[in-house]
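A look at the structure
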2 protein chains.
Amino acid sequence: MALTVMSEHSLPQIPGIRLASVPAKIKNWERDDLLLVALDEGARVSATFTQNAFCAAPVTVAKEHIKSGTVRALLVNAGNANAATGERGIADARACCEAVATALNIQPSQVLPFSTGVIGEHLPLQRILDGIPQAAEQLRADGWDAAARAIMTTDTKPKTASRTIEVAGEQIRIAGIAKGAGMIQPNMATMLAYVATDAAIAQPLLDTLVQEAVAASFNRISIDGDTSTNDACVLIASGATGQAVDGQSEDFARLKQAIIDVHIELAQAIVKDGEGATKFVTVQVTGAASIQEALRVAFEVGESPLVKTALYASDPNWGRLVMAVGNAGIDGLDAGKVNIFLDDVQVVQDGGRAGSYTEEQGESVFSKPEFTITVDLGRGECQEHIWTCDFSHDYVTINAEYRT
Amino acid sequence: MALTVMSEHSLPQIPGIRLASVPAKIKNWERDDLLLVALDEGARVSATFTQNAFCAAPVTVAKEHIKSGTVRALLVNAGNANAATGERGIADARACCEAVATALNIQPSQVLPFSTGVIGEHLPLQRILDGIPQAAEQLRADGWDAAARAIMTTDTKPKTASRTIEVAGEQIRIAGIAKGAGMIQPNMATMLAYVATDAAIAQPLLDTLVQEAVAASFNRISIDGDTSTNDACVLIASGATGQAVDGQSEDFARLKQAIIDVHIELAQAIVKDGEGATKFVTVQVTGAASIQEALRVAFEVGESPLVKTALYASDPNWGRLVMAVGNAGIDGLDAGKVNIFLDDVQVVQDGGRAGSYTEEQGESVFSKPEFTITVDLGRGECQEHIWTCDFSHDYVTINAEYRT
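Chain A goes by Arginine biosynthesis bifunctional protein ArgJ in an unreviewed UniProt entry, where it is assigned to Microbulbifer aggregans. Listed in UniProt under the heading Subunit (unreviewed entry), the comment for chain A reads: "Heterotetramer of two alpha and two beta chains." Database annotation for chain A, UniProt heading Subcellular location (unreviewed entry): "Cytoplasm".

See below:
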């Protein structure tokens with residue numbers, strides 16, 4: 001039932017990075033569910049993590065280990081989040097890192113662990129420990145596509161994106177994979193994303209870049225600071241190709257844009273594969289007094305269950321749009337200055353139904369698989385946008401039956 | 001599919017108040033959808049209204065008219081919200097008030113109009129104007145039960161509550177009716193409630209009382225300040241029985257509690273009749289550092305779609321409870337001090353799965369039609385509770401097909 005995600009293309013190899021996916025039977029399924037990523041010496045890694053107060057054990061350990069500054073491996077398991085698992089959860093995550101360190105002959109503090117899946121159950125540790133040496137033997141540069149599949153949970157499709165650009169006469173590659181599908185309230189779905197390039201980027205530049213890229217992508221489908229127990233986005237610069245790029249150069253600006261574009265493509269793929277999603281909708285807010293209020297209105301509209309069920313029904317129930325805008329808590333909002341468009345069709349003019357609007361026009365937009373809702377607040381020059389999806393019967397089915 | 005709402009009992013007559021419900025064909029249906037309430041001279045009326053920036057035309061007019069201090073009539077229509085209808089919507093609401101004033105020989109400013117239903121469509125004004133004189137002729141003291149049915153929209157059952165108490169040797173009656181059924185995000189459902197007593201209560205006391213009663217009832221199923229375009233709660237003291245009650249007396253304390261109890265019973269009935277609801281759940285938060293943070297956590301848990309779908313599935317997926325608690329944005333929350341109980345069953349101890357907990361215990365609670373989730377934050381002495389319901393397939397069906 002999910003929307004077609006952009007055609008699954010083969011990701012490029014990123015010199016300096018090898019991957020392996022193996023079946024560790026973390027759940028009772030037949031599929032790869034354990035991913036090992038090995039980085040050659042010299043790679044730089046930066047990441048953003050969940051701000052949930054119950055952050056999962058692997059997040060606690062990964063935050064600690066990334067401070068080493070010399071990350072050499074990532075380990076990701078699907079099927080079990082190792083969250084709300086107390087001291088034993090932390091010990092389990094450390095045990096995983098130790099096993100990876102032994103297999104790759106590095107230090108445990110050079111390993112970042114990640115988990116996604118059911119919360120509150122202990123990892124099937126022995127099966128993971130058994131899988132790690134097996135994965136270490138199978139590391140390969142062309143393991144990206146298999147990796148995208150290994151980290152899936154309720155995702156119906158692997159999510160990948162890539163770019164290749166020329167910088168100073170050399171080809172630079174960017175590859176990214178992501179998972180995460182709970183979309184009615186995106187802050188509750190675990191989102192994991194791994195983006196890597198073979199460019200050489202200095203650590204401070206990389207740290208800023210991952211923040212900027214996440215702000216422009218994954219934070220447009222979720223609320224800042226309101227995240228699942230396990231969310232993480234990791235950006236890797238292997239440095240295997242070319243000289244370090246000067247942060248002030250035009251080359252860096254192009255590289256940065258390409259990296260952000262990969263993040264946006266992955267974020268949009270997550271929305272399109274939203275649990276039960278049948279529509280991909282951009283909510284654009286213009287005429288706002290501030291960026292902050294534009295985002296607030298966009299999220300109020302894009303996350304309203306009443307709006308999302310109307311999207312599912314292809315029912316241009318614009319009264320629900322108006323109600324959501326009114327609920328955003330914007331001080332002094334003048335309803336009489338609000339205009340709303342469905343693609344090019346004006347549905348609300350000066351706070352009421354537009355004179356030119358017909359139900360048929362609205363239906364023709366709402367029945368499209370992709371469209372844009374634009375809300376003009378008529379009070380300033382700022383604009384922002386987010387991406388959302390509709391809310392269908394399948395969402396309830398998927399989430400009511402998740403653990404069975 | 002909705003839960004059984006407390007048995008529909010006949011409401012007592014309230015001296016000084018007469019009601020009539022008539023079919024005005026506001027939608028293409030065969031039922032009463034227009035309610036007229038007439039108050040004898042001397043009645044006191046107080047109300048709380050929506051804080052949505054797009055407040056509906058009747059709300060704008062009612063807020064203006066209630067300032068007259070001598071309200072003599074209420075007019076409520078179901079099926080059309082007269083919201084986002086611009087200047088014409090305001091004119092329509094005023095025309096309704098004028099028609100009531102003519103029929104009852106009072107001033108238009110003594111009439112409060114209310115509407116609930118689809119947003120963004122103009123009222124079928126002529127049909128309402130035709131219905132008003134008809135209703136005025138049928139006013140009767142025992143019209144409460146019919147009134148509760150006339151104001152329904154997606155409600156599956158009328159919602160009523162009443163109390164009779166003795167004050168200074170005299171019987172005082174309290175009757176209440178309410179409507180409102182959208183429960184996944186209660187702030188988006190129009191909630192209307194009308195509670196009346198024949199006691200004599202001075203205006204300042206009544207004004208305070210309606211605020212207190214709403215805070216203890218309807219605001220426990222919704223977020224303060226985040227309301228639909230049409231929400232209103234009206235408290236009427238006809239004063240037809242007995243002397244004015246002294247606000248400092250024990251009698252007033254008992255009267256006040258009875259009035260608050262009627263509000264709570266109505267609020268709970270709304271939750272139990274939540275769209276597609278099959279479970280009624282109290283979310284209690286204890287050990288909080290403040291009332292505000294207790295409510296914040298309670299709403300985060302009670303409104304999480306992932307928690308609500310787990311309730312529907314009778315799946316004690318307590319990881320989702322933990323995730324929701326962690327998402328409440330409580331500064332400095334120590335996850336290791338959080339304990340969670342499902343009725344008497346401890347499921348989370350010190351932030352992890354309780355040693356004594358078994359899945360069977362959790363299932364036996366989650367499969368009940370009514371139970372309590374208690375979250376102890378372990379950081380203070382404050383506690384608060386809210387009421388919520390589960391989130392089922394029927395919710396999507398009802399909301400996707402609302403306008404068809």
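For chain A, the count of helices and strands is 11 helices and 15 strands. A compact globule built from 404 residues should have a C-alpha radius of gyration of about 22 Å, and chain A, at 22 Å, falls within 12% of that. By its C-alpha atoms, chain A is 70 × 55 × 35 Å across when sized along the principal axes. When each of the 404 residues of chain A is scored for burial, the buried share is 62%. A fraction of 81% describes how many contacts in chain A between residues 6 or more apart in sequence connect residues 24 or more apart. Element-wise, carbon and sulfur atoms account for 46% of the exposed surface of chain A, whose accessible area totals about 14100 Å². Taking the average location of the 31 positive side-chain charges in chain A and that of its 50 negative ones, the two points are 4 Å from each other.

Each assigned domain of chain A is listed here: domain 1 (17-272) and domain 2 (280-400). Placing a centre on the C-alpha atoms of domain 1 of chain A and another on those of domain 2 of chain A gives a separation of 33 Å.

Our next topic: the pattern of salt bridges. All names here are of chain A. In the structure shown here, the tally under the stated rule is 26 salt bridges over all chains. Ionic pairing is found between Asp155 and Lys159, a salt bridge with its closest N-O pair at 2.8 Å. Neither residue differs from the other here; Asp155 and Lys159 are each classed as buried. A salt bridge links Glu384 to Arg220, with the nearest nitrogen and oxygen atoms 2.6 Å apart. With Glu384 in strand E15 (residues 382-389) and Arg220 in the loop between helix H5 (203-216) and strand E9 (232-237), this residue pair connects regions lying 164 residues apart in the sequence. Residues participating in the shared-partner salt-bridge network are Asp155, Lys159 and Asp273.

This part is about helix H10 (residues 359-366) of chain A. Residues and elements named next belong to chain A. For H10, every residue scored as buried is listed here: Gly362, Val365 and Phe366. Buried residues of H10 fall within an arc of 95° about the axis and therefore sit on the same side. On its buried side, H10 packs onto helix H8 (305-312), strand E11 (339-342), strand E12 (345-349) and strand E14 (370-376).

Moving on, we come to the packing of aromatic side chains. Think of a pair of aromatic rings as described by two things: how far the centres are apart, and how the planes are tilted against each other in angle. The tally for this structure, following the rule as stated, stands at 4 aromatic pairs over all chains. Between Phe114 of chain A and Tyr194 of chain A the ring centres are 5.2 Å apart and the planes differ by 85°, which places this aromatic pair in the edge-to-face class. Pair noted here: Phe114 of chain A is in strand E5 (residues 111-118) and Tyr194 of chain A is in strand E8 (residues 192-197), with a separation of 80 residues, a long-range link. With relative accessibility at 3%, the residue Tyr194 of chain A sits in the buried group. The ring of Trp29 of chain B is capped by Arg31 of chain B, whose NZ or CZ atom sits 4.0 Å from the centre of that ring. Cation over ring: Lys272 of chain B sits above Phe280 of chain B, and NZ or CZ is 4.8 Å from the ring centre.

Here the focus is the packing of helix H5 (residues 203-216) of chain B against helix H6 (residues 250-272) of chain B. Residue and element names in this part refer to chain B. Running from N to C, H5 and H6 cross one another at 45°; their axes reach a closest spacing of 9 Å. Comparing their axes, H6 and H5 come out oblique. Seen from above, H5 lies across H6 with right-handed handedness. The residues of H6 that touch H5, namely those facing Leu205, Leu209, Glu212, Ala213 and Ala216, are Phe252, Lys256, Ile259, Ile260, His263 and Ile264. When grouped by side-chain class, the residues that make up the contact of H5 with H6 number 8 nonpolar, 1 polar and 2 charged.

Consecutive side chains along a regular strand alternate between the two faces of the sheet. Residue and element names in this part refer to chain A. Across the 6 residues that make up strand E2 (residues 34-39), a large majority, 6, are buried. Both faces of E2 are covered, namely the face carrying Leu34, Leu36 and Ala38 and the face carrying Leu35, Val37 and Leu39. Note that strand E1 (residues 17-22) and E2 share 6 bridges and pair antiparallel. The partner of Ile17 across the bridge, within E2, is Leu39. When E2 meets strand E4 (residues 73-80), the two strands line up antiparallel, connected through 5 bridges. By the bridge assignment, Val37 is partnered in E4 with Leu74.

Glancing now at the environment of Gln383 of chain B. Residue and element names in this part refer to chain B. Its location among the elements puts Gln383 in strand E15 (residues 382-389). Sequence separation of Gln383 and Asp315 is 68 residues, and the distance between their C-alpha atoms is 26 Å. Look past the residues within four positions of Gln383 in its chain and what remains in contact with it is Gln284, Val285, Thr286, Ile291 and Ala294. Polar side-chain contacts of Gln383 include one of 3.3 Å to the side chain of Gln284.

Per-chain confidence: chain A averages 89 in pLDDT, with 91% of residues scoring 70 or above. Per-residue pLDDT stays below 50 along residues 183-188 of chain A; that stretch engages in 33 contacts with residues further than four places along the chain or on separate chains.

It is worth spelling out helix H2 (residues 86-104) of chain B at this point. Residues and elements named next belong to chain B. Helix length check: H2 (19 residues) gives 28 Å between terminal C-alpha atoms against 27 Å at 1.5 Å per residue, within 8%. If you check which residues of H2 are buried, you get Gly89, Ile90, Asp92, Ala93, Ala95, Cys96, Cys97, Ala99, Val100 and Ala101. If you follow the buried residues of H2, they end up packed against strand E2 (34-39), helix H1 (57-66), strand E4 (73-80), strand E5 (111-118) and helix H3 (125-137). Just beyond H2, the residue with positive phi is Asn105, at close to 60°.

Another point: the environment of Ser249 of chain A. All names here are of chain A. Tracing the sequence through the fold places Ser249 in the loop between E9 and helix H6 (250-272). Spatially, the C-alpha atoms of Ser249 and Ile172 are 15 Å apart, while their sequence positions differ by 77 residues. A distance of 3.0 Å separates the side chain of Ser249 from the backbone nitrogen of Phe252, its partner in a polar contact.

It is worth spelling out the side chain of Glu384 of chain A at this point. Here Glu384 of chain A falls in the buried class, since its relative accessible area comes to 12%. In contact with Glu384 of chain A, not counting residues within four places along its chain, are Arg220, Val283, Gln284, Val285, Ile291, Ala294 and Leu295 of chain A.

Take the UniProt feature "active site" (unreviewed entry) in chain A next. Residues and elements named next belong to chain A. Within the UniProt annotation, "active site" (unreviewed entry) is assigned to Thr190. If you trace the backbone, Thr190 turns up in the loop between strand E7 (170-179) and E8. Not counting chain neighbours up to four residues away, the residues in contact with Thr190 comprise Thr116, Lys179, Gly180, Ser228, Asn230 and Asp231.

We now examine the sheet that holds strand E11 (residues 339-342) of chain B. Residue and element names in this part refer to chain B. Strand order in the open sheet formed by 6 strands is E13-E12-E11-E14-E10-E15, with mixed pairing between adjacent strands. Both edges of this open sheet fall to strand E13 (352-353) and E15, since each of them pairs with a single strand only. Sheet analysis places strand E10 (residues 280-288) next to strand E14 (residues 370-376), joined by 7 bridges and oriented parallel. In the sheet register, Val285 faces E14, and the bridge partner there is Val375. Along the sheet face, helix H7 (residues 291-302) touches E10, E14 and E15 and points at about 25° away from the line of E15.

Our next topic: unusual backbone geometry. Positive phi values are uncommon outside glycine, yet Asp343 of chain B reaches one of about 50°. You can call Asp343 of chain B partly exposed: its relative accessible area is 23%.

All names here are of chain B. In space, the 5 strands of this open sheet follow the order E3-E9-E8-E7-E6, with mixed pairing throughout. With one partner strand each, in any of the chains shown, strand E3 (44-49) and strand E6 (159-167) form the two edges of the open sheet. For this sheet, the mean inter-axis angle between neighbouring strands, taken without regard to orientation, is 10°. As defined by bridge partners, E6 adjoins strand E7 (residues 170-179) across 9 bridges and the pair is classed as antiparallel. Bridge pairing in E7 places Glu166 opposite Gln171. In this fold H5 packs onto E3 and strand E9 (232-237), with an angle of close to 35° to the strand it touches most, E3.

The rules behind the values
Residues numbered from 1 in each chain as written. Chains lettered and ligands numbered in written order. Predicted model: local features only at pLDDT ≥ 70, side-chain atom pairs only at ≥ 80, totals over all residues. Heavy atoms only, no water. UniProt positions renumbered as here; feature names shortened; annotations may be inferred. Helix = DSSP H or I, 4+ residues; strand = E, 2+ residues; numbered from the N terminus. Rg over C-alpha atoms; globule rule 2.2 N^0.38 Å. Buried < 20%, exposed > 50% of the residue type's maximum accessible area, 1.4 Å probe, protein only. Contact = heavy atoms within 4.5 Å. Areas by Shrake-Rupley, 256 points an atom, 1.4 Å probe, with all protein chains shown as cover. Lys, Arg positive; Asp, Glu negative; His and termini not counted. Charge placed at Lys NZ, Arg CZ, Asp CG, Glu CD. Domains from an automatic or database assignment. Salt bridge = Lys/Arg side-chain N within 4 Å of Asp/Glu carboxyl O. Arc of directions from axis to C-beta. Phe/Tyr/Trp six-rings, centres within 6.5 Å; stacked < 30°, edge-to-face > 60°. Lys NZ or Arg CZ within 6 Å of the ring centre and 35° of its normal. Axes fitted to C-alpha atoms, helices over the stretch in contact; angles between N-to-C directions. Parallel < 35°, antiparallel > 145°, perpendicular 65-115°, else oblique. Left-handed = near helix turned anticlockwise from the far one by under 90°. Nonpolar A, V, L, I, M, F, W, Y, C, P; charged D, E, K, R; others polar. Pairing = 2+ DSSP bridges. Polar contact = N/O pair within 3.5 Å; in protein donor to acceptor, adjacent residues only side chain to side chain. pLDDT = per-residue confidence, 0-100. Expected span 1.5 Å × (residues − 1).

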